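Residues per chain are reported as follows:
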Amino acid sequence: MSINTTDPRAELKRKAAIEAADMVKDGMVVGLGSGSTSAFMIEELGRRWAEGLRFCAIPTSERSAEQARSHGIKLVTFATHPQIDIDIDGADEVERGTLNLIKGLGGALFREKIVAAASRRFVVVVDDSKLVDRLGAAVPVPVEVANFGWTSTARQLEALGAKVVQRLDRSGNVFVTDGGNMILDCHFGEIADSPALQRQLDGVVGVIETGLFIGRTSEVIVATADGLQRLRAA
Ligand code: 5RP
């Protein structure tokens with residue numbers, strides 16, 4: 001993950017990420033999110049590791065694992081560490097009030113949700129451009145689906161009201177997740193009832209996981225031009 005520090009948005013992401021990294025203490029089991037904001041957080045944890053902070057971590061993507069390893073951070077698995085103390089991750093949209101999220105534009109939503117579900121605290125780090133009144137107006141809901149029969153799955157998603165776009169990578173090939181599956185980006189427009197939509201999506205055969213994160217957020221650290229805000233789940 002290349003980190004662009006000349007972009008003002010990147011600078012805000014970095015500030016939120018550093019604030020969240022400060023929540024990691026000696027002996028903790030830490031979930032490492034994915035994406036550019038999480039990359040700043042892992043970089044900061046790497047700096048603190050070099051200063052002597054000791055924790056272990058479960059990464060949410062191969063890319064985050066590689067970055068953590070490059071700093072010497074100790075990586076573990078659920079087999080030995082089933083309970084995560086704190087998971088720190090980015091998001092594509094955060095709904096004001098509910099703190100429900102859309103995640104997965106980076107493609108790591110399945111592992112990200114497994115790690116978030118196993119965490120005592122799920123801390124989301126964003127710049128203020130990610131805050132919305134209602135999810136879905138600006139970004140699609142990424143849905144990871146099985147490769148087998150995906151056109152049938154896509155039709156079922158369309159029947160729920162989505163405009164479905166198969167995700168491609170930068171070379172124009174079908175995007176492949178770390179789990180070997182594909183992602184269908186589902187454009188619903190503004191979502192009136194995201195918990196209900198999540199239940200409907202869960203009922204579609206072929207859907208492995210969706211980028212709707214409902215009721216999982218403990219806290220959001222938002223970086224604005226005027227400083228950091230902390231939003232907590234009600
Ligand atoms: C990856 C994600 C990311 O957390 C999300 O896309 C935010 O990315 P960024 O921090 O680069 O804006 O969900 O699957």
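Residues numbered from 1 in each chain as written. Predicted model: local features only at pLDDT ≥ 70, side-chain atom pairs only at ≥ 80, totals over all residues. Heavy atoms only, no water.

Caption draft 1: Up close: the packing of aromatic side chains. Evaluation of the coordinates by the stated rule reveals 2 aromatic pairs. Ring centres of Trp49 and Phe55 lie 5.3 Å apart, and the angle between their planes is 90°; on these two criteria the pair is classed as edge-to-face. Of the two residues, Trp49 and Phe55, both sit in the buried class. For Lys103, the ring lying beneath its charged end belongs to Phe213, and the centroid distance is 5.7 Å. Between Lys113 and the ring centre of Phe213, over which it is positioned, the NZ or CZ distance is 5.1 Å. (Phe/Tyr/Trp six-rings, centres within 6.5 Å; stacked < 30°, edge-to-face > 60°. Buried < 20%, exposed > 50% of the residue type's maximum accessible area, 1.4 Å probe, protein only. Lys NZ or Arg CZ within 6 Å of the ring centre and 35° of its normal.)

Caption draft 2: Main features of the UniProt feature "active site" (unreviewed entry) in the protein chain. In the numbering used here, UniProt assigns the feature "active site" (unreviewed entry) to Glu112. Its place among the elements puts Glu112 in helix α4 (residues 109-117). Setting aside residues no more than four positions away along its own chain, Glu112 makes contact with Ser34, Thr60, Asp87, Asp89, Lys103, Gly104 and Phe213. Within the structure, Glu112 has its side chain in polar contact with the side chain of Lys103 (distance 3.2 Å). (UniProt positions renumbered as here; feature names shortened; annotations may be inferred. Helix = DSSP H or I, 4+ residues; strand = E, 2+ residues; numbered from the N terminus. Contact = heavy atoms within 4.5 Å. Polar contact = N/O pair within 3.5 Å; in protein donor to acceptor, adjacent residues only side chain to side chain.)

Caption draft 3: Region of interest: α4. Among the residues of α4, Leu109, Glu112, Lys113, Val115 and Ala116 are the ones counted as buried. Projected down its long axis, α4 carries its buried residues within an arc of 165°, all on one side. (Arc of directions from axis to C-beta.)

Caption draft 4: Quick peek at the sheet that holds strand β9 (residues 141-145). Ordered in space as β10-β11-β9-β12, the 4 strands form an open sheet in which the pairing is antiparallel. If you trace the sheet from one side to the other, it starts and ends with β10 (163-166) and β12 (207-210), each paired once. The mean inter-strand angle of the sheet, taken between neighbouring strand axes irrespective of direction, is 30°. The pairing of β9 with β12 spans 3 bridges and is classified as antiparallel. Bridging across to β12, Glu144 finds its partner in Glu209. Here α4 sits on the sheet in contact with β9, β11 (182-187) and β12, set at roughly 65° to β12. Against the sheet, helix α6 (residues 194-202) contacts β9 and β12, and its axis sits at roughly 160° relative to β12. (Pairing = 2+ DSSP bridges. Axes fitted to C-alpha atoms, helices over the stretch in contact; angles between N-to-C directions.)

Caption draft 5: Representation of the pattern of salt bridges within the structure. With the rule as written, the count across this model stands at 19 salt bridges. Among the salt bridges present, the one from Asp89 reaches Lys103, with a minimum N-O distance of 3.2 Å. Here Lys103 lies in the loop between β6 (101-102) and α4 and Asp89 lies in strand β4 (residues 84-89), a separation of 14 residues in the sequence. For the pair formed by Asp89 and Lys103, the shared burial category is buried. Two residues, Glu190 and Arg134, come together in a salt bridge whose shortest N-O distance is 4.0 Å. Taken as a pair, Glu190 in the loop between β11 and α6 and Arg134 in the loop between β8 (131-132) and β9 lie far apart in primary sequence, 56 residues in all. Classification of Glu190 by relative accessible area gives exposed; the value is 53%. Connected through shared salt-bridge partners, Asp22, Glu44, Arg47, Arg48 and Glu51 make up one network. (Salt bridge = Lys/Arg side-chain N within 4 Å of Asp/Glu carboxyl O.)

Caption draft 6: Region of the structure containing the nonpolar core. If you look at the biggest cluster of nonpolar residues, it comprises 27 residues, and the most contacted ones within it are Val30, Leu45 and Phe55. Going through the elements one at a time, α1 (8-21), β1 (29-32), α2 (36-51), β4, β7 (119-127) and β14 (219-224) are the ones with two or more residues in this core. Take this core: its biggest share by element is 6 residues, from α1. Ignoring anything within four residues of it in the chain, the contact list for Phe55 reads Val24, Lys25, Gly27, Met28, Val30, Leu45, Trp49, Ile73 and Lys74. Counting 21 residues, the second-largest nonpolar core is a separate cluster that includes Val141, Cys186, Phe188 and Leu201. (Core = buried A, V, L, I, M, F, W, Y, C linked by side-chain atoms within 4.5 Å.)

Caption draft 7: Quick peek at the sheet that holds strand β13 (residues 212-213). With respect to topology, 4 strands assemble into an open sheet ordered β8-β5-β6-β13, the strand pairing being mixed. Two strands lie at the open edges of the sheet, namely β8 and β13, each paired on one side alone. Note that strand β5 (residues 93-95) and β8 share 2 bridges and pair parallel. Considered in β8, the bridge of Val94 is made with Leu131.

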